[in-house]
Amino acid sequence: TNSRISLSNNDSGTENTVFGNLAWDAGSAAGADYNSLFGYGAGRYLADDGASNHSSYNTAFGNKAIGGGHTSTATGNTANKNVGIGHHAVGGGLGGSTNLEASGNVGVGYDALQAISTGTNNVAIGQGASDSLTTDSNVVAIGYGAYNSMDTATDAEGSSGHGSGNIAIGYNSMSAYTNVGAIRNTAIGFETMMTGADHAAIDNVALGFQALKGLTSGDSNVAIGSEALDALTTGSDNIAIGKGALS
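Below you will find a few notes about this structure. (Residues numbered from 1 in each chain as written. Predicted model: local features only at pLDDT ≥ 70, side-chain atom pairs only at ≥ 80, totals over all residues. Heavy atoms only, no water.)

## Brief notes about the overall build of the chain
As a reminder of what qualifies: Each helix corresponds to a stretch of at least 4 residues labelled H or I by DSSP, and each strand to a stretch of at least 2 residues labelled E; elements are numbered beginning at the N terminus. Atoms counted for the radius of gyration: C-alpha only. Globule rule: 2.2 Å times the number of residues to the power 0.38. Three labels apply to residues, based on accessible area from a 1.4 Å probe with only protein chains included: buried if under 20% of the type maximum, exposed if over 50%, partly exposed otherwise in between. Only heavy atoms matter for contacts: two residues are in contact if any of them lie within 4.5 Å across the pair. In these tables, accessible area is a Shrake-Rupley quantity obtained with a 1.4 Å probe, and a residue counts as shielded only by the protein chains included in the view. Counting rule applied: Lys, Arg positive; Asp, Glu negative; His and chain ends not counted. Think of each charge as sitting on NZ of Lys, CZ of Arg, CG of Asp or CD of Glu.
A count of helices and strands for the chain gives 0 helices and 15 strands. Over its C-alpha trace the chain gives a radius of gyration of 19 Å, about what one expects of a compact globule, namely 18 Å for 247 residues. A total of 247 residues make up the chain; the buried ones form 51% of that total. The long-range share in the chain, meaning contacts at least 24 apart out of those at least 6 apart in sequence, stands at 20%. Accessible area for the chain stands at about 9600 Å²; split by element, carbon and sulfur atoms hold 53% of it. Counting 7 positive and 20 negative side-chain charges, the chain places the averaged centre of each group 7 Å from the other.

## Observations concerning the environment of Leu94
Within the secondary structure, Leu94 is located in the loop between strand S5 (83-85) and strand S6 (106-108). For Leu94, a relative accessible area of 14% puts it in the buried group. When sequence neighbours within four positions are dropped, the list of residues in contact with Leu94 reads Gly68, Gly69, Asn99, Leu100, Gln114, Ala115, Ile116 and Ser117.

## Describing the pattern of salt bridges
Filter applied, for reference: When a carboxyl oxygen of Asp or Glu lies within 4 Å of a side-chain nitrogen of Lys or Arg, that pair is called a salt bridge.
One pass over the structure, following the stated rule, counts 3 salt bridges. Asp25 is the salt-bridge partner of Arg44, the closest N and O atoms lying 3.7 Å from each other. With Arg44 in the loop between strand S3 (36-38) and strand S4 (59-61) and Asp25 in the loop between strand S2 (17-21) and S3, the pair connects residues that are 19 residues apart, well separated along the chain. Overall, the relative accessible area of 21% leaves Arg44 in the partly exposed class. Assessed through its relative accessible area of 40%, Asp25 is described here as partly exposed.

## Focus: the nonpolar core
Rule in force here: We define a nonpolar core as any set of buried Ala, Val, Leu, Ile, Met, Phe, Trp, Tyr and Cys residues linked to one another through side-chain atoms lying within 4.5 Å.
Membership of the largest hydrophobic core comes to 43 residues, with the highest contact counts inside it found for Tyr147, Tyr177, Met193 and Leu212. With sequence-adjacent residues up to four places away left out, Leu212 is seen in contact with Met193, Met194, Asn204, Val205, Ala206, Asn221, Ala223, Ala228, Leu229, Asp230 and Leu232.

## Comments concerning the side chain of Gln210
This is how it is decided: Counting of polar contacts relies on pairs of N or O atoms within 3.5 Å, with two restrictions inside protein: one atom must be capable of donating a hydrogen and the other of accepting it, and residues adjacent in sequence are counted only when both atoms are side-chain atoms.
Among the secondary structure elements, Gln210 is positioned in the loop between strand S12 (205-207) and strand S13 (218-219). A polar atom in the side chain of Gln210 sits 2.8 Å from the side chain of Glu191. Look past the residues within four positions of Gln210 in its chain and what remains in contact with it is Phe190, Glu191, Thr192, Glu227, Ala228 and Asp230.

As structure tokens, then:
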């Protein structure tokens, strides 16, 4: 009884396509345009407050994809220009008392970016990739569990609003970091920089299997190669190149 099918011809917006039980259940509004929402609860709480682009240009495919947001004030859920593919992708797991205002994000995979609220321009691909992120921006997380503990972070450029600028690619890459001071890191490879927890780490580069795996707090380290600097915990300004270098 709650199925909704709109093939761009029976809602008050422009060129919206909606298909699925409880999809866009909060209802469309004039100005919420060019959305494609497929799946149970896809885009469920999206609405529109009348501002330009709000709640427009979203593509959701999957159970509750882009489907979260404030359940009683739908007009505050103004997410736009997002792509969410997969169960809860891009805000689908957001609590019912928080507005979904995220924009420009791509989340592909089960729970990818599922908690995002206001973050912008993030790319998360893989099961659980960036699944705790709420307000951070300009993050790239690719791989199972990549960057999946971080919520928000200090701005990488001071006060530009550009977010942490972290790049985590690989299984559980940067998976444990939670400290807002972890910024401008590039970790590529299986379990790279995966230990961090509540510590700051800045300007590190890890490339290779378990490179900088044990790093908690440390800045400006470069580790290239399988297990390079994998035992380092708190050092800074180290350069290790080659398999097992300085491990």
